[in-house]
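One letter stands for each residue in the lines below.
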Amino acid sequence: MEFRQLGNTDLNVTALGYGAMELRELDASDVRQAEFLLNESLDRGINFIDTSPCYKGSEAFIGKTIAHRRSEYILATKCCCNLTGDGPGHIFNRDTVLSNIENSLKLMKTDYLDLVQIHTPLPGDLGHEDRDETIQTLLSLKDKGIIRYMGISFKNGRSDEAGYPAEYSYISFKEYIKYNVFDTMQLVYGALTPMNELAITKAAHKGIGTIVRGVVKKYYDYYDELFIKAKLDELIENGDNRHSFLIRFALNHSDLDTMIIGTKSLDHLKQNIVATERGKLPDDIYIESKKRLNDIGVTSKDL
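Residues numbered from 1 in each chain as written. Predicted model: local features only at pLDDT ≥ 70, side-chain atom pairs only at ≥ 80, totals over all residues. Heavy atoms only, no water.

## Regarding the packing of aromatic side chains
We apply this condition: Think of it this way: a Phe, Tyr or Trp ring, Trp meaning its six-membered ring, pairs with another when their centres are within 6.5 Å, and the plane angle makes it stacked under 30 degrees, edge-to-face over 60, tilted otherwise. What counts as a helix is a DSSP run of H or I of at least four residues, what counts as a strand is a run of E of at least two, and both are numbered from the N terminus. Buried, partly exposed and exposed residues are distinguished by accessible area as a fraction of the type maximum, computed with a 1.4 Å probe on protein chains only: under 20%, between the cut-offs, and over 50%, respectively. In this scheme, Lys NZ or Arg CZ marks a charge over a ring once it lies within 6 Å of the ring centre and within 35 degrees of the ring normal.
What the rule picks out here adds up to eleven aromatic pairs. Taking the centre distance of 5.5 Å and the plane angle of 85° together, the rings of Tyr-164 and Tyr-219 count as edge-to-face. Taken together, the residues Tyr-164 in the loop between β7 (147-153) and α5 (167-176) and Tyr-219 in the loop between β9 (209-213) and α7 (223-229) connect sequence positions 55 residues apart. The residues Tyr-164 and Tyr-219 share a single accessibility class, namely buried. Here a set of aromatic residues connected by ring pairs shows up, and it is made of Tyr-164, Tyr-219, Tyr-220, Tyr-222 and Tyr-223. Positioned above the aromatic ring of Tyr-112, the side-chain terminus of Arg-70 is 4.2 Å from the ring centre. In this structure, Lys-155 packs its charged tip against the face of Tyr-168, placed 4.9 Å from the ring centre.

Quick look at the structure:
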């Protein structure tokens with residue numbers, strides 16, 4: 001599997017990462033299923049795992065099933081998750097950061113985290129980088145070696161909101177790219193949600209690693225219709241399907257460092273790995289795909 005350097009960090013990550021969010025859909029007793037998924041990911045070469053305290057049960061499954069293989073994977077989680085059950089879903093302050101990270105270390109049975117991402121702040125949720133307590137707390141933990149790198153993960157929003165799913169990444173990116181403290185940024189991106197294509201490139205030019213999600217997710221029911229309207233099925237090679245086509249399309253973005261795809265299905269995981277191992281689309285097919293999508297109005301957005 002292809003490795004790519006995560007921005008200016010010293011982390012070399014696989015182009016496909018495992019998104020552990022869907023582990024929250026398992027019951028606490030489903031340890032065996034989580035064990036199969038996480039160990040199969042590592043056995044097949046995936047070395048990047050993305051999770052969050054907000055994904056109930058996910059961090060605990062990681063600790064129970066693969067903590068003994070800690071040297072084999074790069075572990076990314078998030079912070080500012082309000083786990084009390086009262087108030088907003090995210091609280092951007094020192095106490096929440098410290099509580100989240102203490103709990104994450106305990107649950108995942110590790111004494112350090114490779115990457116901690118501030119979870120889904122919108123513009124205005126964080127203050128100036130030199131004064132914001134969330135940022136300064138993370139920088140302090142970075143100095144102590146408890147976390148290695150600090151990132152930021154942008155929200156999807158709700159399906160009934162105008163910004164869903166990629167625009168929240170777009171508007172938040174434009175604000176937080178001005179900060180000089182983030183090692184990584186996580187955005188929504190894919191062939192059918194290409195709004196942030198140029199944002200990924202801009203981040204790369206600043207040495208910021210990019211993690212993308214939503215590559216194969218059907219955010220809307222009409223995604224299959226887009227394939228038909230853009231005549232993308234004509235461009236799918238033998239051995240591929242729409243799902244693998246979308247994965248391979250994303251690989252063609254040379255400034256994208258890793259994509260995280262979550263699943264609770266072992267078969268789905270294997271399909272993702274096989275598609276990634278096939279590598280990026282031939283350049284002529286990639287260029288033609290972008291042209292056809294652009295012709296129907298599915299395109300990136302200028303910054």
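## Details of the state of the cysteines
Our working definition: Whenever a pair of cysteine sulfur atoms sits within 2.5 Å, that pair is classed as a disulfide.
All told, the structure shown has one disulfide when counted by the stated rule. Here Cys-54 pairs with Cys-81 through a disulfide, and the sulfurs are 2.2 Å apart. Measuring the twist about the S-S bond at about -115°, one finds the Cys-54-Cys-81 disulfide to be left-handed. Of the two residues, Cys-54 is situated in the loop between β4 (48-50) and α2 (58-66) and Cys-81 in the loop between β5 (74-79) and α3 (94-107); the sequence distance between them amounts to 27 residues. Residue Cys-81 is classed as buried on the basis of its relative accessible area, which comes to 1%. Cys-79 forms no disulfide, and the closest cysteine sulfur to it belongs to Cys-80, at a distance of 3.8 Å. The exposure class of Cys-79 is buried, given its relative accessible area of 0%.

## Here's the deal with the pairing of β9
Put simply, the rule reads: DSSP calls a pair of strands paired once it identifies at least 2 bridges connecting them. Handedness rule for crossovers: strands pointing away from the viewer, path from the first strand over the helix to the second running clockwise, crossover right-handed.
Burial analysis of β9 places five of its five residues in the buried class, the great majority of the element. Two elements, strand β8 (residues 184-188) and β9, share five bridges in a ladder whose sense is parallel. What sits directly across from Val-188, in β9, is Arg-213. Once the chain exits β8 it traverses helix α6 (residues 197-205) before rejoining the sheet at β9, and the crossover so formed is right-handed. Pairing of β9 with strand β10 (residues 258-262) involves two bridges; the strand directions are parallel. Each bridged residue has a counterpart across the sheet, and for Val-212 the counterpart in β10 is Met-259.

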